[in-house]
Amino acid sequence: MQLEPVFVKPSDGWDICKSYVEEYDLAIQMILLQSITEDVSKETRDTVAQLIGYIFAVICRMIKNGHSTHARNMQKIIFDIVNLDTSDPKAFNKIHKKCDEFAAIR
């Protein structure tokens, strides 16, 4: 997985951000399943950390292209991911909903 470095419209940034949020959700689900039967691998934990880093890179690109309001909203998504119990499906539904709401703002 590699961050697409070129985009200038907020919708491009939100599409990328939303895909990373979805991948993060999937990674958390894999960790929960894996932890039932074995220790969670370092590779899996690193993947989760990388996804947060990728979203941060999208935020930086949004700021660079003059979309600071969208960047602030993406930061709120990261704060929710870090602060909420993302193993709880209700918490992650809240994150997905907030992501969709922010992405709809033009």
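This report concerns the structure included in the present document. (Residues numbered from 1 in each chain as written. Predicted model: local features only at pLDDT ≥ 70, side-chain atom pairs only at ≥ 80, totals over all residues. Heavy atoms only, no water.)

**Side note on the pattern of salt bridges**
In step 1: Enumeration according to the criterion identifies 2 salt bridges in this entry.
In step 2: Of the charged contacts in the structure, one is a salt bridge between D100 and K18, with a shortest N-O distance of 3.1 Å. With D100 in helix α4 (residues 89–104) and K18 in helix α1 (residues 10–37), this residue pair connects regions lying 82 residues apart in the sequence.
In step 3: Residue classification places D100 among the partly exposed residues on the basis of a relative accessible area of 41%.
In step 4: What makes K18 partly exposed here is its relative accessible area of 24%.
In step 5: With a shortest N-O distance of 2.7 Å, K98 and D80 are connected by a salt bridge. Linking K98 in helix α4 with D80 in helix α3 (residues 68–83), this pair joins segments that are 18 residues apart in sequence.
In step 6: For K98, a relative accessible area of 22% gives the class partly exposed. (Salt bridge = Lys/Arg side-chain N within 4 Å of Asp/Glu carboxyl O. Helix = DSSP H or I, 4+ residues; strand = E, 2+ residues; numbered from the N terminus. Buried < 20%, exposed > 50% of the residue type's maximum accessible area, 1.4 Å probe, protein only.)

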